[in-house]
Structure formats: C-alpha cells, structure tokens
Amino acid sequence: MPHTMFALDIGTRSVTGILLEMEESTYEVFDYVEIEHTERSMRDGQIHHVVAVAEVIKQVKQTLEERNGLTLKTACVAAAGRSLKTTKAKATITLNNQPITNQEEIKHMELLAVQQAQRNLVIEENQDTIMHYCVGYSVLKYQLDNEDIGSFIDQQGDTATVHIIATFLPKVVVESLLAALQRAELEMEALTLEPIAAIQVLIPESMRRLNVALVDIGAGTSDIALTDQGTVIAYGMVPVAGDEITEAISDHYLLDFPKAEQMKRQIVNDGESQIEDILGFETNVTYNQCVEDIHSSIHHLSDQITEEILRLNEKVPRAVMLVGGGSLTPELSKNIAANLELPENRVAIRGIEAIANLSKTARTPQGPAFVTPIGIAIAASQNPVHYVTVTVNKNRVRMFEMKKLTVGDCIIQSGIDTNKLYGNSGTDISIVVNGRDLAIPGTAGEPPVIYVNSELASIDDSVKNGDIIDVQTGASGNSPHLQLNEIIDPPKLTIYYGQELVTLPTKILVNGLERSMDYIIQDKDKIEWKEKLTVLDFIELKSIPTKDDFNVYVNNREFTIPEATTTIHINGRKVTKESTISTNDKLEISSFISPSVSDLLHQLDIKMEQTCEIMFNNQPLVISQPIAWVYRNHEQLGKDSLLYNGDHIQLKEDVLKPFIFQDIFRFISLDIYNLDPGFKIYRNDQPSSFDETIHPGDRLEIK
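Calculation rules
- Residues numbered from 1 in each chain as written.
- Predicted model: local features only at pLDDT ≥ 70, side-chain atom pairs only at ≥ 80, totals over all residues.
- Heavy atoms only, no water.
- Salt bridge = Lys/Arg side-chain N within 4 Å of Asp/Glu carboxyl O.
- Helix = DSSP H or I, 4+ residues; strand = E, 2+ residues; numbered from the N terminus.
- Buried < 20%, exposed > 50% of the residue type's maximum accessible area, 1.4 Å probe, protein only.
- Patch = residues over 30% accessible without salt bridge, like charges linked within 9 Å, V, L, I, M, F, W, Y side chains within 5 Å.
- Areas by Shrake-Rupley, 256 points an atom, 1.4 Å probe, with all protein chains shown as cover.
- Contact = heavy atoms within 4.5 Å.
- Pairing = 2+ DSSP bridges.
- Axes fitted to C-alpha atoms, helices over the stretch in contact; angles between N-to-C directions.
- Lys, Arg positive; Asp, Glu negative; His and termini not counted.
- Charge placed at Lys NZ, Arg CZ, Asp CG, Glu CD.
- Core = buried A, V, L, I, M, F, W, Y, C linked by side-chain atoms within 4.5 Å.
- Phe/Tyr/Trp six-rings, centres within 6.5 Å; stacked < 30°, edge-to-face > 60°.
- Lys NZ or Arg CZ within 6 Å of the ring centre and 35° of its normal.
- Parallel < 35°, antiparallel > 145°, perpendicular 65-115°, else oblique.
- Left-handed = near helix turned anticlockwise from the far one by under 90°.
- Nonpolar A, V, L, I, M, F, W, Y, C, P; charged D, E, K, R; others polar.

**Thoughts on the pattern of salt bridges**
And step 1. Under the counting rule described, the total for this entry stands at 14 salt bridges.
And step 2. Residues R13 and E36 are paired through a salt bridge, measuring 3.4 Å at the closest nitrogen-oxygen approach. Placement of R13 in the loop between β1 (3-10) and β2 (14-23) and of E36 in strand β3 (residues 26-36) is noted, with a sequence separation of 23 residues between them.
And step 3. For R13, a relative accessible area of 17% translates into the label buried.
And step 4. You can call E36 partly exposed: its relative accessible area is 40%.
And step 5. Its salt-bridge partner being K264, residue E261 comes within 3.4 Å of it at the nearest N-O pair. Of this pair, E261 and K264 both sit in helix α6 (residues 257-270), three residues apart, roughly one helical turn.
And step 6. The class for K264 is buried, based on a relative accessible area of 12%.
And step 7. Several salt bridges converge on common partners, so that one network encompasses R13, E36, D243, E261, K264 and R265.

Structure representation (structure tokens):
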C-alpha cells in the first residue's frame, strides 16, 4: 500500500506543506498548501519566533487534514543550509612499526579526527563548550607516512593519518525546529538539510562524480551545495535571495512589499505588469524595463552567489543548477554564467520536472520553488536524520543522524575525549647494545570496554533511542617482556682445533655479568658481546690450561719469566693470544714448558760465571770462574736445573775478580810439577809470572 508522507518547508517568507504518496520507489504529490508568515518570525532561514512559526505550521497542517480527511502526527523537516558547518580535520597516530590489525582501531582514528573537527569548530566559533551536533562525516583519505593508501590493515610504517570532512548543525537550530513542531502538535519523523534535500532529488549519487554546484534561492537565503568525486564536498549560504529583488522593486517603483512581490511574479510569468504606486500613479512595466531598473540588485545577488561558489569549490564548477522561487529572478542565470565564464547553457533553472521517480499529475505543483519541499520528503525517507536520545556514562545525549547512528557517534557527541579511552601504551625501555642506543616500545593499550544496555558492544554497533551506554577506559599496555634471544642474534664462529671442528658460543655480558640467552631484558641494561673473537677468548671458553707468566721469588722478591708461555699457531703461523680467529681457521696450542735457572738469570740479567777467551800455546781457550750461586731450599742448582712456578730461590753473587795466569791450569791438562825446571812462561811474547793478571785476547805460552 502507498505510504503517505508529510513534509514541511519552513522558509523565511512562508511555510509550505506537501503530502506525498510513496509506493515502492515512486512518489506522487496529491496535495500541498503554502501559507505566508504574518510577521518576520523567520530570518535568513532561522526561526526567531517559535510561537509565531508554530502557528503557521499548525494552519498548514489543519488545512491539509481538513482537505484530505487525515490526522497528521509526524512531519519531515529540513534545517536551513545557513546553519550547516563543515570542517576538515585529521588525526595521526604513531605506529612504532606495530601495524593496525582490525577495523576497530581505524574507527578509533576516525573518531579522533571527528573530535578534532569538533574542537576546531569550537575554536572557530569562539565557544567554551560544544554547541553543535555532528550529523555525519566522510573519510577523505588515509595516509601512511604521508603517502596516500587504501587501507591501514597490516601495513608497516611510522605514522598513520586519516583525513575527514565532518558536518555539524548548531543545537539551537534543531531545538527550535523541535519546539515549533511540538507546539503545532507534530513530532519530527525525520530531519534532513535543505541543501541535501535539493541535491537528493536532482543530483543522484551516480552524477556526483561531476563537479556541480546546486543553488537553492529562497526568499531570505541562497543555499549552496557542491558535488565532486562521488560525494557532496561542501555546503554554503549567502544571506541574500529573492526578498532582496522584491525590496529593490519596492524601492524603485514605490510599492509596498506584497505588491512588489506580486509585480515580480507577473514580470517573470507574463513579461509585463500593470502597477499602481503608493501615490496612485499607474504604470505598465515590461520585463526589459524592470531588468534595467533593478540591474544593480540582480548583479549583487549573482555576485554573492558566484563568490561563495568559488570560495567553497576553489575553482569554476562544470555546471550550476538553480532551484527555489528566487531562481526565477530575471537574468540571474545569465549573470552567474558570465561571472563564472561558463556557457549560458551550463547554468540552468531546474523545476520539479527534473525530479526522477516523481509522477506528474494535475495536482503536482510546477516550477523550481517546489523542488526543495518535495526533496525534503524524498531525502528524509531515503537518508533521514533521526532524533535519538541516549545516555553515555550517565549523561543524557541528544543525537541527530544522517546515517545509522553508532556508539562512536554518541561518544563524540557526549564530549568524552576518545583519545583517553584507549589504555596508555606500556612504558618503553632503553638499552645499549654494543654501544648503540636502542629503544624498545611497550605494548599498545587496550581499546575501551563498551556496554550498551549492560551488554558488551563495540564502537561500530548501532544504537537506538533510549539506549544506555557505559564506556570504560581500556587497560594500559605493558612494558616490554623480552628475552635476550628475542632481540639479538650474535654470530657464532666455527674453527678447527687440532683435528676437531669446534663451534664457539658467544659470551653475552649484561651490565658486566655473563647472562644466558633466556635472560629477561631490563630498562637501562648494557648488553655487550665481542664482535670478533681472539685466541684468548677461545682459551677461556674451552678452559684450556695455559700459563701466560711464570713467577718465582728471588731473595723474597717476585719475578716473572714471560718466555715460559704457551706457543700458539693459526694456520701454521705463530701468533699471540690477542690474535683474531676467523671462521675455518686451524688453531694449534702447544704444551707448557717449565723454565730453567738460566732462563731466570737471563730474565734478571745476571751471569752465573765470568769468562775470558785467550790463546794458550797457539790454541784458543775459554776460562771461567763462578760469580753467582743459585739455591733452592739450600740445595745448589745448576744452570740447567728446572724451576717450578712459585719457587723461592736464594741467589748469592760475588764481586768480579781479575783472571791471573795460573787460572788456566784448571782448564788445561798440564802437570806443572813434572815440568822441566828450565821452563819459562810468556804473556804476549813477554816473560810473565803465575800471578800476573791476564785479559781477554792475551797470548799465553809455557816453554
């Protein structure tokens, strides 16, 4: 069965009521009535006198009820475009390379941007509190690290940004509409916006990819809406419209306002008008004469509309549609086309004949003035803004929606800071790894816990009138809980030790103490390991017994014999313990050798004996005499005696004494007692004696 719809266009000069029948997707007007205000209770589309406006609404309602035998209880209405506020905003979050994994987080970002738009509006309006209802928003684009992207899900990056355009309506506009309807014994069935109403019936979504301006010129205001890229991109209003033209006619021809309005309509419809001014003089005014007489006012209206279109669109649109009674102003469309440098056929007046799915009958009103009233009914049925009252954290919130209302919309309208609903991120920790600073972020905070009517819900869940919403702040994240093996992977070294293939583990030091790889990292930890391994590292890791130094005590003083160290070879080349080992190297370490007494005396730069090299009977001869004696536990040691680590040695030294001739007899085989009594001795070919001092290089003889 057909569904009857009652729509009200509450304008500056009059209230128009229309009854439509809707069957499936087809609409038909079966009655309408228009009643003018008896006083200036509306200004620029805004209700200034609720009681007076309510009285006119009641007259319209009663007239339609009496003529059609109906009882009207609800009405579709529209808010004026002058009251609409659109604001662009963005919200950015830091990802710390932790990708977004669900739509809930994206929705949270969008709500942050809407809330920022609301703050921007509060600042722009110089207000202390939120005085506007958010009636909808659209996402303009997503950006990852300042580059446009289709979706954030599972994307790696540093920052994520969402750009939105949000639409707001002052609370006073809606509240005054509600008050006027209630006084007229009507309830608001649905709320739409006047610019949306006209666009809804003239520019379907399939055409909104075109950059088109729609101008609804009423009596007090000219509402403007622009489409592009598949959506409505901007709304605007100029506070000049048809009444300005009527006032110009009134001033020029000395007519009262009603007669001037009547003359304007006759000029448009008939091309001329017979008038009588306040002095009683009658005049016949033609269309061309009227245009010439009030051309400054016509130009002013067209200039104001053109400037607002260019301000909102930032460029010349592809076409302009004019609707509303004021669109019939003489030469207006031509002036707008000239101002925008568009062909005249790109600026057109559109009447109800352009409304798709509207059946035209004898009862259907004609002309552009009825596009908006019919559009209000159709737009309200297709994309209504319903009146909803909910409770958010025990605070009552009144909502008006142009789409399905969600928990997130209610949270924004309640004024709760959505940024504080998510739990705080866990505290970051800072560590140092081999001299390099490293920050490890804590885990992200949990989303808020939301209940609708005591049942667990999400931010995207829809709400209905009377719902009770409870929002609890999400749990905070935790500091990182990581083991060493989760953040570092030090290199391992494989070498040949003798014939064995050995893989060397890396020794990890945390704050100077060796730790295993399952150690839990703490804030301020200093983690170190050697980037390169040395022979000494290998010896320590494998616990190979070696001795770097050999210590003995000489006359109760400690001395070291460094020559008594382990011998090391890498790939056949002798190296030290500080030499670096590389993968696949062949390492050999010799056994430890104990030093002898001569090694000790060499270290002390002490000689056990004094020597003298001479010639005896033309043969070389080395003679010696002891000058140092070494004892261990009172046992005298020879120069080849082995020492033990930690030995206590007693060393005795004598002063150097010169060698004499007779010292050689300890080193030669000669029996001086059986010599011929006539023998003689010589030193360097000179007669000598047994007690004569000799020196290295001397030539000694016995003849």
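On we go from here.
**As for a nonpolar patch on the surface**
And step 1. Where nonpolar side chains cluster on the molecular surface, the patch consists of L254, I278, L279 and F281 and spans about 450 Å² of accessible area.
And step 2. Considering the arrangement of structural elements, one finds F281 in the loop between β15 (272-276) and β16 (282-286).
And step 3. Look at F281 and you get exposed, because its relative accessible area is 55%.

**Some words on the environment of R396**
And step 1. With respect to the secondary-structure elements, R396 resides in strand β21 (residues 395-401).
And step 2. Residue R396 is classed as exposed on the basis of its relative accessible area, which comes to 69%.
And step 3. Every residue in contact with R396, bar those within four places of it in the chain, is listed here: T389, V390 and T391.

**A look at the sheet that holds strand β17 (residues 319-323)**
Across a sheet, strands are paired by hydrogen bonds formed along the backbone, either parallel or antiparallel in direction.
And step 1. With respect to topology, five strands assemble into an open sheet ordered β14-β13-β12-β17-β18, the strand pairing being mixed. Sheet topology places β14 (231-238) and β18 (347-349) at the edges, where each strand pairs with a single neighbour. Direction aside, neighbouring strands of the sheet carry axes that sit 20° apart on average.
And step 2. Sheet topology note: the strand β12 (residues 212-217)/β17 ladder contains five bridges and is parallel.

**Some points on the sheet that holds strand β34 (residues 568-570)**
And step 1. Judged by pairing direction, the sheet is mixed, and its five strands sit side by side in the order β28-β27-β36-β34-β35 without closing on themselves. Two strands in the sheet have a free side with no partner beyond their single neighbour: β28 (500-504) and β35 (573-575). Between one strand axis and the next, the sheet turns through 35° on average, direction left out of account.
And step 2. Across three bridges, β34 lies against strand β36 (residues 586-589) in antiparallel orientation. Bridged to I568 within β36 is I589.

**Topic: a negative patch on the surface**
And step 1. Residues D145, E147, D148 and D158 make up a contiguous surface patch of negative charge.
And step 2. The topology assignment puts D158 in the loop between β9 (147-149) and β10 (159-170).

**Quick look at the side chain of N313**
And step 1. With respect to the helices and strands, the residue N313 is situated in helix α8 (residues 295-313).
And step 2. Of the residues examined, N313 reaches a relative accessible area of 8% and is grouped as buried.
And step 3. Not counting the four nearest positions on each side in its chain, N313 is found in contact with N211, L226 and I233.

**Quick look at the nonpolar core**
And step 1. Counting 68 residues, the largest nonpolar core has L8, I10, I57, L202 and I374 as its most contacted members.
And step 2. Discounting residues that sit within four places of it in the chain, I374 has contacts with I18, L20, V29, I352, I355 and L358.
And step 3. One finds L111, V114, I459 and V471 within the second-largest nonpolar core, a separate group that totals 38 residues.

**Quick word on the packing of aromatic side chains**
Remark: the centre distance and the inter-plane angle together describe each pair of aromatic rings, the angle taken between the planes.
And step 1. All chains considered together, the criterion is met by four aromatic pairs.
And step 2. Summarising the aromatic geometry, the rings of Y32 and F370 are spaced 5.0 Å apart at their centres and angled 65° between planes, so their arrangement reads as edge-to-face. In this pair, Y32 sits in strand β3 while F370 sits in the loop between β19 (358-359) and α10 (371-382), placing the two residues 338 residues apart along the sequence.
And step 3. Given a relative accessible area of 30%, Y32 falls into the partly exposed group.
And step 4. Between the aromatic rings of F661 and F690, the centroid separation amounts to 6.3 Å while the plane-to-plane angle is 80°, which identifies the pairing as edge-to-face. One end of the pair, F661, is in the loop between β41 (648-653) and β42 (681-683); the other, F690, is in the loop between β43 (686-687) and β44 (699-702), with 29 residues separating them in the sequence.
And step 5. In this structure an aromatic cluster arises from ring pairing among F661, F665 and F690.
And step 6. The aromatic ring of Y631 is capped on one face by K652, whose charged end is 5.2 Å from the ring centroid.
And step 7. Taking NZ or CZ as reference, K703 lies 5.1 Å from the ring centre of Y682, over its face.

**So, unusual backbone geometry**
And step 1. Positive phi, close to 50°, is recorded for N555, a residue that is not glycine.
And step 2. With respect to the element layout, N555 can be found in the loop between β32 (551-554) and β33 (557-560).
And step 3. Residue N555 is classed as partly exposed on the basis of its relative accessible area of 41%.
And step 4. Here the phi dihedral of H634 falls at roughly 70°; this positive angle occurs in a residue that is not glycine.
And step 5. Its location among the elements puts H634 in the loop between β39 (628-632) and β40 (635-637).
And step 6. Owing to a relative accessible area of 76%, H634 belongs among the exposed residues under this scheme.

**Comments concerning the packing of helix α2 (residues 103-124) against helix α11 (residues 407-414)**
And step 1. It is the contact of α2 with α11, at a shortest axis distance of 10 Å, that shows an interaxial angle of 30°. Comparing the axis directions of α2 and α11 gives the class roughly parallel. In this structure, α2 meets α11 at a crossing whose hand is right-handed. On α11, the residues touching L111, V114, Q115 and Q118 of α2 are G408, I412 and Q413.
And step 2. Class assignment of the residues belonging to the contact of α2 with α11 gives a composition of three nonpolar, four polar and no charged.

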